[in-house]
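A look at the structure
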Amino acid sequence: MGCQYFDPCDHGADSFTIAIPQVTFGRGCLGEAGARARGLGMSRVGVFTDPWLRDSVYFATVMDSLCQSGLDSAVFDEITIEADDASVVRGAAFIADGNFDGVVSVGGGSVMDTAKASMLYGLHPVQDFLDYFAPPLGAGKPIARDFLPHLACPTTSGTGSECTSISVLRINALQTKFVLANPALMAQQALIDPACCASLPPMVVASTGFDLLCHALECYTARAYTRWDRIDDPMKRPLIQGANPWSDLAARKALEIAGEYLDRGVNDADDLEARDQLMWGASLAGMAFGNSGTHLGHALSYGVTHLMQDVSTDGYAVQSPFVPHGISVAVSAPAIFRYTAEAAPERHFEAAGYLQSDLKGAAPADSGEALAVRLIGLMQKTGVPNGLSGVGFAPADVPALAASSSRQIRAIANSPRETNLVDIENIYSAAMRY
Ligand SMILES: [Fe+2]
């Protein structure tokens, strides 16, 4: 492939596989839900949403549309703001008992991730919940491909879950999140209506916006797919396969959107152009990282989610301790890209340019600093807490944070720079305050 970053390596992969759902995007397109569900062969639909959205106009639009298309449905809304194993166990029972021939999810990442995993555990039960997770956490049990058709309708502009084959779940007993990734988990269709973002509070737009930004930035700077080992069985090629020409394409545009519209979309709820663009950027970033994987930004966020104490976030009706996903990623991001840039300076330099960093007089060797400065500036403009100290951590917490995040083995291995436990501790120390 004609890009230096993807030059072939001994024993490295020489092919990549791309998967995305059929995507519909536009204001008002939620009204197509019934026709699209019927087109996917559904007659009795299991609808996933959360208790906050159940009274919303967006949910009502989807239900009216399903009804007008003559579809029978039942609703599951017992979903927490961060998808967890307890919600999935309940959702799996809903699927197993519901006699459904399709699923429609209406909500943010938690709702869509719960819907995906509920189908897995409801249709293909296992003895131990962790059996489907990768070792050493779980048994790495193969995932059957026969799922119900799924129409995913996102209501926030961040996770991109409508376009990925990933479900991120909090395992309550372990107090942190882990990733289920398998092509079978991908929705057949995504119905993306940016009107859903009109009433989101600024901090929700900031958190989800940094999530999309970091998806794209981690994806663009991830280890090249040619530096992952070649796969003998093509059916076992993972979608978390490293940066590749497809993920570059979508990540590049998502970075441009974040650079242009994140500040505007957070600070002006009436800026419809910005909010529409952020919704499109989130889906593009999902199509990108869903086919490459993220790296240290997401790996290190899980230590934050695991060990947070006595912290809450404006705009989220959730009891302390709670740090929303996008904020947990953002707080370490400047320190991470200062660290990773030396392994792929040109990539980081290009990404800094797409994000509208100030590159006057700068060279690729300066790209980590340029990216960090741009990220810190965006964090300040959008009210994101100032580093780990802004979400309640102190230097004494660093060893525990690093030990927790070091369990995210695949994401850490997707970093462009080889990263060990001491490196992770150093990054967390540098991320305390900017
Ligand atoms: Fe994320």
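Reading the values: rules and limits
- Residues numbered from 1 in each chain as written.
- Predicted model: local features only at pLDDT ≥ 70, side-chain atom pairs only at ≥ 80, totals over all residues.
- Helix = DSSP H or I, 4+ residues; strand = E, 2+ residues; numbered from the N terminus.
- Rg over C-alpha atoms; globule rule 2.2 N^0.38 Å.
- Contact = placed C-beta atoms within 7 Å.
- Core = buried A, V, L, I, M, F, W, Y, C linked by C-beta atoms within 7 Å.
- Buried ≥ 20, exposed ≤ 12 C-beta atoms within 10 Å, placed from the backbone.
- Domains from an automatic or database assignment.
- Arc of directions from axis to C-beta.
- Expected span 1.5 Å × (residues − 1).
- Bend = angle between axes of the 7 residues up to and from the residue.
- Pairing = 2+ DSSP bridges.
- Axes fitted to C-alpha atoms, helices over the stretch in contact; angles between N-to-C directions.
- Parallel < 35°, antiparallel > 145°, perpendicular 65-115°, else oblique.
- Left-handed = near helix turned anticlockwise from the far one by under 90°.
- Nonpolar A, V, L, I, M, F, W, Y, C, P; charged D, E, K, R; others polar.

Below, the discussion takes up the overall build of the protein chain. Helix and strand counts for the protein chain come out as 15 helices and 8 strands. Compactness check: the protein chain gives a C-alpha radius of gyration of 20 Å against a globular reference of 22 Å for 434 residues, within 12% of the reference. Sequence separation of at least 24 residues holds for 81% of the intrachain contacts in the protein chain that already meet a minimum separation of 6.

Next up on the list: the nonpolar core. If you look at the biggest cluster of nonpolar residues, it comprises 134 residues, and the most contacted ones within it are Val104, Ala216 and Ala254. Among the elements that take part in this core, helix H5 (residues 202-221) stands out by supplying 12 residues, more than any other. When residues of this core are sorted by domain, at least three fall in each of domain 1 (4-11 + 199-430) and domain 2 (28-192). Apart from the residues within four sequence positions on either side, alanine 254 is in contact with Leu212, Ala216, Gly281, Leu284, Ala285 and Ala288.

Here we take up the domain arrangement of the protein chain. Splitting the protein chain by domain gives domain 1 (4-11 + 199-430) and domain 2 (28-192). Using only C-alpha atoms to locate each centre, domain 1 and domain 2 end up separated by 25 Å. Contact with domain 1, which involves 28 residues of that partner, is made by 21 residues of domain 2.

If you check which residues of helix H13 (residues 398-405) are buried, you get Val398, Leu401, Ala402, Ser404 and Ser405. Viewed along the axis of H13, the buried residues span an arc of 160 degrees, placing them on a single side of the element. Check the buried side of H13 and you find it contacts strand E7 (176-181), helix H8 (296-307) and helix H15 (421-430).

Between its terminal C-alpha atoms helix H6 (residues 245-267) stretches 33 Å, which fits the 33 Å expected from 23 residues at 1.5 Å a residue. Taking the largest bend as the criterion, H6 deviates by roughly 50 degrees, centred on tyrosine 261.

One open sheet holds the 6 strands; their spatial order is E1-E8-E5-E4-E2-E3, and the pairing between them is parallel. Edge strands, defined here as strands with exactly one partner in the open sheet, are strand E1 (22-25) and strand E3 (72-76). In this sheet, neighbouring strand axes are inclined to one another by 20 degrees on average, regardless of whether the strands run parallel or antiparallel. With 5 bridges joining them, strand E2 (residues 44-48) and E3 adopt parallel strand pairing. Bridge pairing in E3 places glycine 46 opposite alanine 74. The strands touched by helix H3 (residues 85-98) are E2 and E3; relative to E2, the strand with the most contacts, the crossing angle is about 170 degrees. Along the sheet, helix H4 (residues 109-123) makes contact with E2, strand E4 (102-107) and strand E5 (150-154), crossing E4 at roughly 160 degrees.

This paragraph deals with the packing of H8 against H13. Contact pair H8 / H13: the axes reach a minimum separation of 8 Å and the direction vectors enclose 120 degrees. Between H8 and H13, the angle falls in the class oblique. Once H8 is placed against H13, the crossing between them reads as right-handed. Residues Ala299, Leu300, Tyr302, Gly303, Val304, His306 and Leu307 of H8 touch H13, and the partners they reach there are Ala400, Leu401, Ala402, Ser404 and Ser405. For the contact of H8 with H13, the class distribution of residues is 8 nonpolar, 4 polar and no charged.

In this chain, proline 135 is followed by proline 136 through a cis amide linkage whose omega measures 5 degrees. With respect to the helices and strands, the residue proline 136 is situated in the loop between H4 and E5. Of note in this structure, histidine 11 is not a glycine but carries a positive phi near 65 degrees. Structurally, the position occupied by histidine 11 is in the segment before E1.

So, on to the pairing of E7. As defined by bridge partners, strand E6 (residues 166-171) adjoins E7 across 6 bridges and the pair is classed as antiparallel. Bridge pairing in E7 places arginine 170 opposite lysine 177. Hairpin connection of E6 to E7: 4 residues between the antiparallel strands, including glutamine 175 at a positive phi of 60 degrees.

Once that is clear, we can look at the packing of H6 against helix H7 (residues 272-289). For the pair H6 and H7, interaxial distance at closest approach is 8 Å and the crossing angle is 150 degrees. Compared by their axis directions, H6 and H7 come out roughly antiparallel. Our pair here, H6 against H7, has a crossing hand that is left-handed. Residues Ser247, Ala250, Ala251, Lys253, Ala254, Ile257, Ala258, Tyr261, Leu262, Arg264 and Gly265 of H6 pack against Ala274, Arg275, Gln277, Leu278, Trp280, Gly281, Leu284, Ala285, Met287, Ala288 and Phe289 of H7. A class-by-class count of the residues in the contact of H6 with H7 yields 15 nonpolar, 4 polar and 3 charged.

What follows deals with the environment of tryptophan 52. Mapping tryptophan 52 onto the fold places it in the loop between E2 and helix H2 (57-68). Classification of tryptophan 52 by C-beta neighbours within 10 Å gives partly exposed; the count is 15. As for tryptophan 52 and threonine 80, which are separated by 28 residues in sequence, their C-alpha atoms are 9.9 Å apart.

A few words on the environment of lysine 253. Following the sequence through the fold, lysine 253 ends up in helix H6. The exposure class of lysine 253 is partly exposed, given the 18 C-beta atoms found within 10 Å. The sequence separation of lysine 253 and alanine 216 amounts to 37 residues, and the corresponding C-alpha distance is 8.7 Å.

Structurally, the position occupied by glycine 315 is in the loop between H8 and helix H9 (325-330). Along the sequence, glycine 315 and methionine 203 sit 112 residues apart, while their C-alpha atoms lie 5.8 Å from each other. Beyond its immediate sequence surroundings of up to four residues, glycine 315 is in contact with Pro201, Pro202, Met203 and Val204.

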